[in-house]
Amino acid sequence: MTIRSSTPKHRQHPSNVRSRKKAMLKCMISTALYREILLMQEMDADALEQTLLSYMKKQKVSAIRKRAAGKRRHRQRKSWAAFESNLTDRQFRRYFRMSRECFHDLCRRIEENVGEAQFKSEAYLRNLKQSNDIRDKKKIIDSWVAECK
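The rules we used
Residues numbered from 1 in each chain as written. Predicted model: local features only at pLDDT ≥ 70, side-chain atom pairs only at ≥ 80, totals over all residues. Heavy atoms only, no water. Helix = DSSP H or I, 4+ residues; strand = E, 2+ residues; numbered from the N terminus. Buried < 20%, exposed > 50% of the residue type's maximum accessible area, 1.4 Å probe, protein only. Polar contact = N/O pair within 3.5 Å; in protein donor to acceptor, adjacent residues only side chain to side chain. Contact = heavy atoms within 4.5 Å. Phe/Tyr/Trp six-rings, centres within 6.5 Å; stacked < 30°, edge-to-face > 60°.

It is worth spelling out the side chain of arginine 100 at this point. Tracing the chain through its elements places arginine 100 in helix 5 (residues 100-114). Residue classification places arginine 100 among the buried residues on the basis of a relative accessible area of 17%. A distance of 2.3 Å separates a polar side-chain atom of arginine 100 from the backbone oxygen of leucine 87. Among the polar contacts listed, one links the side chain of arginine 100 to the backbone oxygen of threonine 88, at a separation of 3.4 Å. Setting aside residues no more than four positions away along its own chain, arginine 100 makes contact with Glu84, Leu87, Thr88, Asp89 and Phe92.

Shown next as structure tokens:
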């Protein structure tokens, strides 16, 4: 015979239990700190209570934001080809204020002037990514590091 807990199964997951233990520990420490400060009688009770409440609110907001950050979805970025194919000619013109032909001509001219390594067209990046040459891999890393600076 097994004893059933009143806590739902999804809340019994080890990570949930750990986070609840942490929250409880923080609360206990805060409460203990509050008692110690009250015993010291360095501040009046109302000011101390106000300070502790603001601290607890900040901790709660921090925990909520941390939890939300962990639940974020990481989406794959849409390729230019997929984005462009979904646009009608009219939408394309409204977005970029030029026709597709003019836009592709402009991209070609820019690529000719600055070089494909600087322009980084989708085809160039795909070829670089699929390349087995270690120098190409180094180019990807170096360009990423340069952009981060």
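Next comes the rest of the write-up.
Tallied over the entire structure, the rule returns eight aromatic pairs. Ring centres of phenylalanine 83 and tyrosine 95 lie 6.0 Å apart, and the angle between their planes is 40°; on these two criteria the pair is classed as tilted. Remark: tyrosine 95 occurs in helix 4 (residues 89-96) and phenylalanine 83 occurs in helix 3 (residues 80-85); sequence separation between them is 12 residues. Its relative accessible area of 26% is what places phenylalanine 83 among the partly exposed residues. With relative accessibility at 53%, the residue tyrosine 95 sits in the exposed group. What links up through ring pairs into an aromatic cluster is the set Trp80, Phe83, Phe92, Tyr95, Phe96 and Phe103.

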